Each structure stands twice: as structure tokens, then as C-alpha cells.
Amino acid sequence: MVLKILKYPEHVLEEPGEPVTAFDADLRKFVADMFETTYASQGIGLAAPQVGVSKRLTVIDLSMGKDPAQKLVLINPELISKEGKQYEEEGCLSFPDIREKVVRASKVRIRAQDENGKWFEMDGEELLARAFQHEIDHLDGVLFIFRMSALKRSLSLRKIRKMQKDGTW
Ligand SMILES: [Zn+2]
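The rules behind these values
- Residues numbered from 1 in each chain as written.
- Predicted model: local features only at pLDDT ≥ 70, side-chain atom pairs only at ≥ 80, totals over all residues.
- Heavy atoms only, no water.
- Pairing = 2+ DSSP bridges.
- Helix = DSSP H or I, 4+ residues; strand = E, 2+ residues; numbered from the N terminus.
- Phe/Tyr/Trp six-rings, centres within 6.5 Å; stacked < 30°, edge-to-face > 60°.
- Buried < 20%, exposed > 50% of the residue type's maximum accessible area, 1.4 Å probe, protein only.
- Donors = N, O, S within 2.8 Å, 3.2 Å for Na, K, Ca; no water.
- 1 Å grid on protein atoms, 1.4 Å probe; cavity = no way out; pocket = protein on both sides within 12 Å on 5 of 7 lines; lining within 4 Å.
- Points joined across faces, edges and corners; volume = space filled by probe spheres on them.

### With respect to the pairing of strand 6 (residues 107–113)
So, point 1. Relative to strand 6, strand 3 (residues 72–83) runs antiparallel, the two being bridged by 6 bridges. In the strand pairing of strand 6, isoleucine 75 is matched with glutamine 113.
So, point 2. Here strand 6 runs beside strand 7 (residues 119–125); their pairing, made up of 7 bridges, is antiparallel. Within the sheet, the bridge partner assigned to arginine 111 lies in strand 7 and is glutamate 121.
So, point 3. Here strand 6 folds back onto strand 7, and the loop between the two strands holds 5 residues, one of which, glycine 117, carries a positive phi near 90 degrees.

Here it is, written out as C-alpha cells:
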């Protein structure tokens with residue numbers, strides 16, 4: 001089932017998510033819906049708060065559905081370490097048509113639980129590192145516009161206000 005993606009400034013997007021504690025059939029159904037929703041919007045990642053569920057869960061697939069081996073489910077994820085810097089353009093499904101450069105670490109290590117509750121660690125570089133940081137930020141209620149420079153943020157907010165006025169947001 002394709003879920004509705006909430007756009008900024010929906011309040012739930014800026015609330016920290018609650019830890020996931022039940023690793024059951026409902027969770028697996030939700031994860032499947034999250035992937036379906038990501039692919040329907042041609043995204044590479046989606047966090048539960050973006051569909052109105054204030055939980056610490058995110059899905060990532062850099063192949064956008066082309067390679068099942070790249071499907072990642074991160075439950076209760078944490079950044080363990082980060083190094084380096086990258087400055088690349090980023091987008092977010094809750095901010096359609098907004099793309100701006102954001103500073104992120106270039107290499108990170110994360111720790112998360114899978115759908116069965118089993119903890120694992122994983123390294124990510126470049127785009128994957130960026131996806132990890134962007135999605136984990138969502139679970140803390142931190143949106144990518146707040147990672148932009150003040151100038152880029154005000155330009156983005158102005159663009160959003162204009163789209164809201166035009167009825168295209
Ligand atoms: Zn996002």
C-alpha cells in the first residue's frame with residue numbers, strides 16, 4: 001500500500017520518533033508499505049515520521065527498487081562514528097522540488113536493528129553515508145533545511161511559501 005507522504009511544515013516531521021519495540025507482522029507490513037511508498041515517489045529513502053508515524057524506523061534503497069540486495073531497513077538506528085566531509089545536493093520527499101547542497105560526513109558507521117530486532121552495524125560512504133545521516137536526522141525531528149546554510153535555508157523557505165501561495169505545494 002502506498003502511504004501518503006507529509007510535506008513540510010507538518011508538525012510530526014519535527015518531532016523525535018519513539019523507539020520501535022514490537023517486531024511483529026504489523027511492523028513487517030509497515031516496512032513493505034514504506035518501500036512501496038518510496039518507489040512510488042522515486043526516492044532513495046523514507047523515514048516513518050514522513051508518513052505520520054512517529055517511530056524510529058527508516059528504509060533506504062539506493063537502487064530505487066532495481067536491486068533487492070540494496071534494500072535496507074534501519075530500526076532504532078544510531079550513528080556510531082563519522083569522518084570526513086562532503087558537500088552535495090540533497091532532496092527530501094517531504095520537500096518536493098527543493099534541492100540544495102548540504103554538508104555531511106563523507107563516511108559513517110551506523111548501528112540499527114533489522115525487522116527481527118537483531119542489531120547490526122554497517123558502514124556507508126558518499127551517497128549511502130548521506131542517506132544514513134538524512135534519514136537518522138528525520139528520526140530526531142531534524143529536517144535537511146536546518147542543515148543548509150542560513151542563506152540557502154531562507155531561499156528554500158521563500159520558494160516553499162511561493163508554492164504554497166500558488167497551490168503547488
Ligand atoms: Zn527526507
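### A word on the packing of aromatic side chains
So, point 1. Evaluated as defined, the whole model comprises 4 aromatic pairs.
So, point 2. Arranged with centres 6.3 Å apart and planes meeting at 65 degrees, the rings of phenylalanine 95 and tryptophan 169 form a pair that is edge-to-face. Pair noted here: phenylalanine 95 is in the loop between strand 4 (86–90) and strand 5 (100–104) and tryptophan 169 is in the segment after helix 3 (150–166), with a separation of 74 residues, a long-range link. Residue phenylalanine 95 shares its accessibility class with tryptophan 169, and that shared class is buried.
So, point 3. An aromatic cluster is present here, built from Tyr8, Phe95, Phe144 and Trp169 joined pairwise through their rings.

### Quick word on the coordination of the zinc ion
So, point 1. All of the protein donors around the zinc ion are Cys92 (SG), His134 (NE2) and His138 (NE2); their distances to the metal are 2.0 to 2.2 Å.
So, point 2. Along the chain, the residues that donate to the zinc ion are spaced as C-x41-H-x3-H. Residue cysteine 92 is found in the loop between strand 4 and strand 5, and its partner histidine 138 is found in helix 2 (residues 126–139); the two are separated by 46 residues along the sequence. Of the two residues, cysteine 92 and histidine 138, both sit in the buried class.

### Quick word on the layout of surface pockets
So, point 1. Empty space within the largest pocket amounts to approximately 370 Å³.
So, point 2. Around the largest pocket sit 21 residues that line it, and Ile44, Glu90, Gly91, Cys92 and Arg99 are the ones nearest its centre.
So, point 3. For the lining of the largest pocket, the elements supplying multiple residues, two or more each, are strand 4 and helix 2.
So, point 4. Ranked by residue count, the leading element in the lining of the largest pocket is helix 2, at 5 residues.

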